[in-house]
Amino acid sequence: MTETTKTHESSAARQAAMWGERARDWAEVMEGPHGWGIPVYERILERVPVDESTRLLDVGCGAGRFCRTARDRGATVAGLDATSEFIEIARERTPEGEFEVGEMEDLPWPDHSFDVVTGFHSFFLAEDMVGALREARRVARPGGTLALTIWGRPDRCDSTGLFASMRRLVEGDAAAPDDSEPKAPRPRALHEEDVILGTARQAGLQPTELAFFQYVEEYPDVETMARGMLAAPPGRAASRASSPNAVRAALAEAAQPRVTDTGTVRLREELRYLIATT
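The rules behind the values
Residues numbered from 1 in each chain as written. Predicted model: local features only at pLDDT ≥ 70, side-chain atom pairs only at ≥ 80, totals over all residues. Heavy atoms only, no water. Helix = DSSP H or I, 4+ residues; strand = E, 2+ residues; numbered from the N terminus. Rg over C-alpha atoms; globule rule 2.2 N^0.38 Å. Buried < 20%, exposed > 50% of the residue type's maximum accessible area, 1.4 Å probe, protein only. Contact = heavy atoms within 4.5 Å. Areas by Shrake-Rupley, 256 points an atom, 1.4 Å probe, with all protein chains shown as cover. Lys, Arg positive; Asp, Glu negative; His and termini not counted. Charge placed at Lys NZ, Arg CZ, Asp CG, Glu CD. Pairing = 2+ DSSP bridges. Right-handed = clockwise from strand over helix to strand, strands pointing away. Arc of directions from axis to C-beta. Phe/Tyr/Trp six-rings, centres within 6.5 Å; stacked < 30°, edge-to-face > 60°. Lys NZ or Arg CZ within 6 Å of the ring centre and 35° of its normal. pLDDT = per-residue confidence, 0-100. Axes fitted to C-alpha atoms, helices over the stretch in contact; angles between N-to-C directions.

Asks: Describe the overall build of the chain, and please don't skip the residues or the numbers.
Replies: Counting its secondary structure elements, the chain contains 11 helices and seven strands. For 278 residues, the compact-globule estimate of 2.2 N^0.38 gives 19 Å, and the C-alpha radius of gyration of the chain, at 19 Å, lies within 12% of that figure. The principal-axis extents of the C-alpha atoms in the chain amount to approximately 50 × 45 × 35 Å. Expressed as a percentage of the 278 residues in the chain, the buried residues total 50%. Residue pairs at least 24 apart in sequence account for 75% of intrachain contacts in the chain once pairs closer than 6 positions are excluded. Total accessible area computed for the chain in this model is approximately 13,100 Å², and 48% of it derives from carbon and sulfur atoms. Computed over 33 positive and 46 negative side-chain charges, the inter-centroid distance for the chain is 2 Å.

Right, dumping it as structure tokens:
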């Protein structure tokens with residue numbers, strides 16, 4: 001295992017504090033039967049088949065829905081997350097799994113422990129993404145598989161507007177662009193092909209597949225969607241800066257174009273996934 005720095009510890013502690021407040025809401029809505037994860041998990045499992053012979057680790061496993069899905073296909077599963085409340089739920093969902101609270105940059109497993117390592121919208125949350133990917137490669141067997149997902153192009157994601165509505169509650173007038181000030185160059189986005197490929201190769205991975213994937217998140221009503229959004233760090237930050245009711249109102253307004261006649265909310269989303277050998 002690598003040496004964990006205080007910077008990593010504070011980063012993980014901040015993540016855990018924000019995610020842990022409403023962990024059950026996240027598990028029931030976002031990792032529920034109609035949440036964002038299910039179509040994404042199924043897509044990755046189409047590209048990276050698992051069966052009874054597979055030992056799999058999910059890094060940043062959240063409340064363990066993907067581990068449960070992989071276990072149902074026969075895999076022996078393990079998961080790591082910084083949030084103890086998520087790990088408690090993951091253990092409930094898959095009692096036979098091996099779940100640990102810890103750091104992505106310091107995985108508590110020996111070298112070459114897993115056939116497959118996954119990370120769903122998790123590795124980019126690490127203080128040191130390259131270091132986290134190197135750790136994932138370390139615990140994978142030589143020639144094993146790593147699969148990760150990141151957000152896709154913002155203009156292809158309905159959630160871009162939802163996040164912007166919450167960000168305005170946090171930043172207030174500062175969220176509005178000031179055309180009188182010279183604009184600093186924007187950093188390259190992680191979803192850009194050469195950026196994500198370069199990051200993977202810097203970690204010693206050998207990319208084999210890189211693609212965008214469009215899918216739909218569906219919620220029975222706006223209140224359920226807002227309940228899930230309020231469970232994630234952007235929602236928690238917006239709640240602290242304003243109030244939960246203000247966040248719900250902002251989300252309801254932003255989501256209105258995606259509300260059907262029956263009240264269902266259907267969000268069109270895009271992610272980018274990368275599959276590599278270790």
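Asks: Account for the pairing of strand β2 (residues 76-81), naming residues and giving values.
Replies: Within β2, five of the six residues are buried, which leaves the element mostly enclosed by the surrounding structure. Where strand β1 (residues 55-59) meets β2, five bridges bridge the pair, whose relative direction is parallel. Residue pairing for β2: leucine 56 is matched across the bridge by valine 77. Assessed by its sense of winding, the connection that carries the chain from β1 through helix α4 (residues 65-72) to β2 is right-handed. In this sheet, strand β3 (residues 98-101) lies alongside β2 in parallel orientation, the contact comprising four bridges. Pairing of glycine 79 across the sheet is with phenylalanine 99, part of β3.

Asks: Explain helix α5 (residues 84-93) to me, and be specific about the residues and the numbers.
Replies: Regarding α5, the residues found buried are Phe86, Ile87, Ile89, Ala90 and Arg93. Projection of α5 onto a plane perpendicular to its axis shows the buried side chains occupying an angular sector of 160°, all on one side.

Asks: Quick one: what's the story with the packing of aromatic side chains, residue by residue and with numbers?
Replies: Per the counting criterion, the structure on display carries eight aromatic pairs. When the ring of tyrosine 41 is compared with that of phenylalanine 66, the centres are 5.3 Å apart and the planes differ by 55°; the resulting orientation is tilted. Here phenylalanine 66 lies in helix α4 and tyrosine 41 lies in helix α3 (residues 37-47), a separation of 25 residues in the sequence. For tyrosine 41, a relative accessible area of 5% corresponds to the buried category. We classify phenylalanine 66 as buried; its relative accessible area is 1%. Plain terms: the ring middles of phenylalanine 213 and tyrosine 215 are 5.8 Å apart, the flat faces sit at 15° to each other, and that makes the pair stacked. Taken as a pair, phenylalanine 213 and tyrosine 215 share a single burial class, namely buried. Among the aromatic side chains, those forming a connected cluster through ring pairs are Trp19, Trp26 and Phe86. The lysine or arginine in question, arginine 153, covers the ring of phenylalanine 212, its NZ or CZ lying 3.8 Å from the ring centre. For the cation-ring pair, arginine 272 lies above phenylalanine 212, with the distance from its terminal atom to the ring centre recorded as 3.9 Å.

Asks: Just give me the short version of the confidence of the model for the chain, but keep the residues and values in it.
Replies: Across the chain, the average pLDDT comes to 91, with 91% of residues at or above 70. Predicted confidence for residues 1-9 stays below pLDDT 50, and this span has 18 contacts to residues more than four positions away or in other chains.

Asks: Account for the pairing of strand β4 (residues 114-120), naming residues and giving values.
Replies: Counting buried positions along β4 yields six of seven residues, so the element is predominantly enclosed. As defined by bridge partners, β4 adjoins strand β5 (residues 140-151) across six bridges and the pair is classed as parallel. Among the inter-strand pairings, phenylalanine 114 is bridged to a residue of β5, identified as alanine 140. In this fold, β4 hands off to helix α6 (residues 129-139), which returns the chain to β5; that crossover is right-handed.

Asks: Can you break down the sheet that holds strand β6 (residues 206-219) residue by residue, with the values?
Replies: With respect to topology, seven strands assemble into an open sheet ordered β3-β2-β1-β4-β5-β7-β6, the strand pairing being mixed. Both outer strands of the open sheet, β3 and β6, are each paired with one neighbouring strand and no more. The average undirected angle you get between the axes of adjacent strands in this sheet is 20°. With three bridges connecting them, β1 and β4 associate as parallel partners. Each residue of the ladder has a partner; that of leucine 56, found in β4, is valine 116. In this fold α4 packs onto β1, β2, β3 and β4, with an angle of close to 175° to the strand it touches most, β2.

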